[in-house]
Amino acid sequence: MKGHDDYIRSVTTTPMCPDIIITGSYDHTVKLWDKRTGECTQTMDHGFPVESLVVLPAGGIVICSGSNKIKVWDVHRAGGPLVSLSNHQKTITCLALDHSNSRLLSASLDHQVKMYDLSNYKVTHSLKYAAPVLAIGTTAHNTHLVAGCSDGIVNIRENPTPKPEPTKRPPSAIIPGSYGYFARGKNSKFNPKRSNSRKYIKTKEALFV
């Protein structure tokens, strides 16, 4: 299949349509190919040499990077890109999706990795490295972010798991009709500070004044 006029820098596929191949080239274009016919079915002009491609799991959204730009395309919609992002200062070398497919990651020659929320394409995190970043990825369940840099170093950052906040339990009242309700006696008054519904009531003196 021939259709690009320069180096093909990135190739990917979509799980929703296994017969479609997507390529990104230094000729500034992203092309969709039907491997059954060998023909190009769609061309998108990124405007800069294309470095990296990702496809969202649903298959209809293609995201490409080139220069310091990221563009989001809907292959089922004619016209220009849905979103155009420019958050890096230098060429974006790599794009990746996190393990949950809810975040987009971009790596750049400006020593930074940025993370975007795919629901609104806003930057949620920005990480600085000692050298230009050429490759990125995440481990299963997003426990670690891995970045490969131009200085030959593999950087691994752990994603800390937030500790759940302790649940505050309100004072428990004795339920009418329960054993505790009858065991307290006719003249006993309920004290909510001393009540605990998880314990059996053994004596009137333990829970009532």
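Quick look at the layout of surface pockets now. In this model, the largest pocket occupies a volume close to 350 Å³. M115, H125, N142, L145 and N159 are the residues nearest the centre of the largest pocket, which is lined by 14 residues in total. Elements supplying a minimum of two residues to the lining of the largest pocket: β12 (122–128), β14 (144–149) and β15 (154–158). Tallied by class, residues from the lining of the largest pocket come to four nonpolar, six polar and four charged.

Once that is clear, we can look at the side chain of H46. The residue H46 is located in the loop between β4 (39–45) and β5 (52–55) in this model. In this structure the side chain of H46 is engaged in a polar contact, spanning 3.1 Å, whose partner is the backbone nitrogen of G66. Every residue in contact with H46, bar those within four places of it in the chain, is listed here: H28, C64, S65, G66, K69, K71 and W73.

Turning to unusual backbone geometry, a few remarks are in order. Glycine aside, the phi torsion of most residues is negative, and most peptide linkages are trans. Residues other than glycine seldom take positive phi values, yet N101 does so here, at roughly 60 degrees. Following the sequence through the fold, N101 ends up in the loop between β9 (92–97) and β10 (103–108). Positive phi, normally seen in glycine, also occurs at H111, with a value near 75 degrees. Structurally, H111 is set in the loop between β10 and β11 (112–117). With relative accessibility at 23%, the residue H111 sits in the partly exposed group.

Conventions and cut-offs
- Once a new chain begins, its residue numbering starts again from 1 and follows that chain's sequence as written.
- Owing to the predicted nature of the model, reporting of local features is limited to residues with pLDDT of at least 70; listing and counting of side-chain atom pairs is limited to 80 or more, with chain, interface and lining totals taken over all residues.
- Side-chain descriptors were evaluated using all non-hydrogen atoms of the structure, hydrogens and water having been removed beforehand.
- In this analysis a 1.4 Å probe is tested at points of a 1 Å grid over the protein atoms alone, and where it fits but cannot get out there is a cavity; an open set with protein on both sides within 12 Å along at least five of seven lines is a pocket; lining residues have an atom within 4 Å of a point.
- Grid points are joined across faces, edges and corners, and a volume is the space filled by probe spheres set on the points.
- Runs of H or I in DSSP of at least four residues are treated as helices and runs of E of at least two as strands, each being numbered from the N terminus.
- Ten residue types, Ala, Val, Leu, Ile, Met, Phe, Trp, Tyr, Cys and Pro, are classed as nonpolar, four, Asp, Glu, Lys and Arg, as charged, and the remainder, Gly among them, as polar.
- A 3.5 Å cut-off defines polar contacts: any pair of N or O atoms within that distance qualifies, except that in protein one atom must be a possible hydrogen donor and the other a possible acceptor, and neighbouring residues in sequence count only when both atoms are side-chain atoms.
- Only heavy atoms enter the contact rule, under which two residues are in contact if any of them lie within 4.5 Å.
- Burial status follows relative accessibility: with a 1.4 Å probe on protein chains alone, a residue under 20% of its type maximum counts as buried, one over 50% as exposed, and anything between as partly exposed.

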